[in-house]
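Coordinate inspection notes
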Amino acid sequence: MHARIFVTLKNGVLDPQGQAIEGSLSSLGFEGVDAVRQGKIFDVKLDETDHEAAKEKLAQMCEKLLANTVIENYSIEIVD
Amino acid sequence: MHARIFVTLKNGVLDPQGQAIEGSLSSLGFEGVDAVRQGKIFDVKLDETDHEAAKEKLAQMCEKLLANTVIENYSIEIVD
Amino acid sequence: MKSAVIVFPGLNRDRDMIAALEKVTGEKPHLAWHGDSDLPDVDLVVVPGGFSYGDYLRAGAIAARSPMLQRVKEHADRGGLTLGVCNGFQILTETGLLPGALMRNRDLKFLCKVIHLKAENTTSPFTTAYKGHEAFPCPIAHHDGNYFIDQDGLKALEDNGQIAFRYCDENGNVTLEANPNGSIENIAGITNKQGNVLGMMPHPENLIEAAHGGIEGRYIFDSLVAAVA
Amino acid sequence: MLKNQNIEITPELIASHGLNEEEYAKILELIGREPTYTELGIFSAMWNEHCSYKSSKKWLKTLPTTGDRVIHGPGENAGVVDIDDGQAVVFKMESHNHPSYIEPYQGAATGVGGILRDVFTMGARPIAAMNALRFGAPDHEKTRHLVSGVVAGVGGYGNSFGVPTVGGEVEFDPRYNGNILVNAFAAGLADADKIFLCAAKGVGLPIVYLGAKTGRDGVGGATMASAEFGDDIDEKRPTVQVGDPFTEKCLLEACLELMQTGAVIAIQDMGAAGLTCSAVEMGAQGNLGVELYLDDVPTREEAMTAYEMMLSESQERMLMVLDPEKEDVAKAIFHKWDLDFAIVGKTTDDLRFRVIHEGTEVANLPIKDLGDEAPEYDRPRSAYPAPSALGEIDGNIDVAQALLTLVGNANGASRRWVWEQYDHLIQGNSVQVPGGDAGVVRVEGADGKKALAFSVDVTPRYCEANPREGGKQAVAECWRNLSAVGALPLAATDNLNFGNPEKPEIMEQFSQAILGIGDACRALEFPIVSGNVSLYNETNGIGILPTPAIGGVGLLKDWAKMMTLSFKEEGEVILLIGEKGTHLGQSALLRDCFNRIEGDAPAVDLEKEAKHGALIRNLIDQQQLTACHDLSDGGLVVALAEMAMKGKIGAQLELSNDLGELFGEDQARYIVTVKSDNLESVLAAAKAQNVPVTQLGTVGGDKLEAKDIFAVSVAELSDFHESWFPDYMAAEAAQ
Ligand SMILES: Nc1ncnc2c1ncn2[C@@H]1O[C@H](COP(=O)(O)OP(=O)(O)O)[C@@H](O)[C@H]1O
Ligand SMILES: [Mg+2]
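Keep in mind that this is a model prediction, so the values were computed, not measured.

So, how was this worked out
Residues numbered from 1 in each chain as written. Chains lettered and ligands numbered in written order. Predicted model: local features only at pLDDT ≥ 70, side-chain atom pairs only at ≥ 80, totals over all residues. Heavy atoms only, no water. Buried < 20%, exposed > 50% of the residue type's maximum accessible area, 1.4 Å probe, protein only. Helix = DSSP H or I, 4+ residues; strand = E, 2+ residues; numbered from the N terminus. Arc of directions from axis to C-beta. Contact = heavy atoms within 4.5 Å. Pairing = 2+ DSSP bridges. Axes fitted to C-alpha atoms, helices over the stretch in contact; angles between N-to-C directions. Buried area = accessible area lost by both parts, 1.4 Å probe. Salt bridge = Lys/Arg side-chain N within 4 Å of Asp/Glu carboxyl O. Polar contact = N/O pair within 3.5 Å; in protein donor to acceptor, adjacent residues only side chain to side chain.

1. Let's talk about helix α24 (residues 679–688) of chain D
Residue and element names in this part refer to chain D. Among the residues of α24, those classed as buried are Leu679, Val682 and Ala686. Viewed end-on, α24 has its buried residues packed into an arc of 70°, placing them on one side of the element. Facing away from the buried side of α24, by more than 90 degrees, are the exposed residues Glu680, Lys687 and Ala688. Those residues of α24 that are buried are in contact with β22 (573–577), α21 (606–621), β25 (670–674) and β26 (693–699). Downstream of α24 by one or two residues, Asn690 has phi in the positive range, about 65°.

What follows is the structure in structure tokens.
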């Protein structure tokens, strides 16, 4: 089974990367970009067939390693 | 309008991050993880109402800045 | 003072830290390999700088989940002195021993230079020797030193006197221009509430002898030696 | 199953492997049959310019490579030089030009990774790195992006690996618009009697694969690096390799640990053309055959063919001949560091290179011939055009303005923006950081006083005007930089970056530059102990400026006596050692203030170089000087300005308004400062050696001023000097 995990910065946490990208986009002449926030994806290949069990396991992975819950949120999507 | 851009490594390109994460997950006792590949997300708030025009613009941003097309692929999703 | 240095694959200022400890204390620190299950009984545990596990995922994240860090945590929870420098600071925040998080530098670039530091608190076991030498030049070398904490957390740090060092200018003024990496309130190092754990981004271990251009880094180790005496 | 083995060997396929008809005929003759596809790949890897040095060998042989201190010269992974007390410095420089143009971050990063591997393969712990970079015009559309990516890549790898980057060069010129240069230098420290070499010894011994797994990275990379760029460059992109400094750091520690156990008989890193080159070199150098079993090679991608495995340039890998009795010890060390360890072959006594994959012998070639019989060309040369005449120069200029231009433009501005992205302090031994004449690193393990100095130099515009003098000048400048900090220059490495050697004029330029390098190295007793050649740096027929970078290493007995270039105290006397300046041909002044590129390169008088340098080193050793700086781009006034900016103090000078005196780039010159108490003895020492000295003025005040000629505040100079790079890069799209 393939799953995709999204890890994004919490609201209120400053995102220097996102800000720098905003600046660059505007200096490249892209207009109308109000905000950019950068996050991470993890594409995970799991040896598991049950969706719920997989989600549970992935959530634990996020809590324990993949996200720093002081500053980040995560969400999980089962791809197939 | 909100859009989400996904940037992932092309097939075959070495992903040292993904490898290190795999190793760490297994030493944390998570079993059955066959592969992990890490990518990036950019959440972009755009001042644009037309979906097609937005997609076109975002694709250009990817080509010019957000993705390193030598080693990365990108895809675009309009969120709302 | 008996000390131990934790060694993870990818750390690279471990040798600098070992040399500094040896020079100041006259004793070789014990080396604790990340895979070992025991941490010997020592006065001070140091998590040195570098790029543990390549800093892949997040700086310090993977090292923080290793069994050895559990031992470090137990040591710290018992009140044992614990110092994390640079990657070590990142690792200690990732374990939760210290609050907040270290994010990418404001300018997104790795930055190696000599900045100025101000010891904000000269009462912790790490900083007593800074009394009278509050502002001093010190090297930094990091990519992720931009300290972040939410407003409540910041207030707690201030209220409890947990801010150990801030970035300042040559004259000891804490200014925006003197902030090399965007850290909130120019924070360069903090202690835990109990004061027995210090994390800092700058490198006191590279400021020990004449060849380093200054010896103010010694004061941390001098303070510790005095604290355990 | 013969995966890919039954691919037909067509003329197109042969050509696409960079082999010409003659070369292919030679292959047929050597093996007496048509090669298999995998064999064709092996030949193309071994016989391309990058591995075989087919165009350059004839000329490289003319370089002086021996000396009292040389333990190993060219032919090994890196040069090895004795630094007393049973210690040796191991160093080399290598280019990663083409990959860095295609993917600047990863190209530069893997370049640094490759050179570090060359050094620690020999048993040395890396203690210093440098990088010599050349980019196109600042206003060229690609330049910023390339600068930002390359610098981040050099730093990204070196910082994480943990080596201090203590020096380098950055230059901009439109001639590099389509071909940037990324040359990486590394030096390591080893015990002189514990150097590890690549020649295999012993028949039937296991060949072990160490490090990271093999992927399809850079398949065909070495072939790419030796081909001229055309407009189809995008098609070559998938061959980019990604560096993993974390794995490399683990590999370093594991290798050094393993070497101490006595288990290593021979060891070779996998660089260009990976498994092929390393296995062939181990066997051929040891007069042994090699048999490889590809099924046992750790791979990270599925269904890799023999061809791909043999040509993969995946990074962070090594090959080793192991003492079979120590296999378990070796395995344990590698597993401790989480690295792959696999026995993938054995040595044989039949001088054949055999590769077995899925039960089939996919290659069976004469191992010595792969290297020894590689083509060697004496490529035709044509007369080189004489330097253009130097026209009239209007001497009536605003000197202060010219100075501000020279210290504040793309090529004269401070490189701080670059080197602050490199960890130059790690290891705690950097006693002189970038920004001086040479980087200086204290040597551990001896008396604590010994230090090594490092510098990399070349002035490409001189080399183009006059390749022979330019070649000499590159060596002389490097040697001078080492002398200026008080180090005894020991030996050098070179990185010869040129255009297309099939053009007779380029070949003449190349050969003349090498002859010039040889002249200077002989005269200055500064042998070349390692190096690298990068040819075909040409895009759409436009070649780069000839750029033979010289990386030098010098020895200081006591770093406490080391000299720096900053003005120190008010009242100290400023002296010029060497003749007054006259030579404006090819000068920075002419290029940057008159927009003219004209004239001959300055002549290098090697006897004077040697004499002046020896005087400088003696004076430093006797602690007679308080500052020292060699003169190069921009001549006297620029050197003075650099000393003033560094020391944040001005100077009062007596100068004439002759542009040659102010800005001439004559060689063999230094500026020094002395305390007035020492003035007499310094003047006497110079006189005794017959070295010209001129008193220029005294240190002091907040301006650099020469009565009736110019005055400019040190603060303003610094402002110009420090702001160009950050301002220029501020416009770069950050990522
Ligand atoms: N320009 C040169 N001057 C002197 N020696 C050189 C030069 N170019 C290459 N060499 C030597 O030739 C040998 C092979 O070089 P190279 O193929 O670049 O090494 P590697 O196989 O380690 O990449 C090395 O010992 C190198 O030092
Ligand atoms: Mg090599």
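2. Quick notes on the sheet that holds strand β2 (residues 33–46) of chain B
If you walk across this open sheet you meet the six strands as β3(A)-β1(A)-β2(A)-β2(B)-β1(B)-β3(B), and the pairing is antiparallel. Pairing within the sheet leaves two strands with one partner each, and these edge strands are β3 (72–78) of chain A together with β3 (72–78) of chain B. The average angle at which neighbouring strand axes cross in this sheet is 25°, direction not considered. Both strand β1 (residues 2–9) of chain A and strand β2 (residues 33–46) of chain A contribute to a ladder of six bridges, which runs antiparallel. Looking at β2 of chain A, one finds that Phe6 of chain A is bridged to Ile41 of chain A. In the packing of helix α1 (residues 16–27) of chain B onto the sheet, the strands contacted are β2 of chain A together with β2 of chain B, and the crossing angle to β2 of chain B comes to about 125°.

3. Notes on the sheet that holds strand β5 (residues 165–172) of chain D
All names here are of chain D. Ordered in space as β1-β2-β3-β6-β4-β5, the six strands form an open sheet in which the pairing is mixed. Looking at the sheet topology across the chains shown, the edges are occupied by β1 (70–72) and β5. Each strand axis lies, on average, 20° off the axis of its neighbour in the sheet, ignoring direction. As paired strands, strand β4 (residues 125–135) and β5 are joined by seven bridges and run parallel to one another. Its bridge partner being in β5, Arg134 is matched across the sheet by Glu171.

4. Regarding the interface of chain B and chain A
In this assembly, 32 residues from chain B lie in contact with 32 residues from chain A. Between chain B and chain A, a total of about 2,800 Å² is buried, with carbon and sulfur atoms accounting for 67% of that surface. Our count for the chain B to chain A interface comes out at zero salt bridges. Our count for the chain B to chain A interface comes out at 12 residue pairs in polar contact (both at pLDDT 80 or more). Only β1 (2–9), α1, β2 and α2 (51–66) of chain B provide two or more residues apiece to the side of chain B that touches chain A. Looking at the side of chain B that touches chain A element by element, the count peaks at 14 residues for β2 of chain B.

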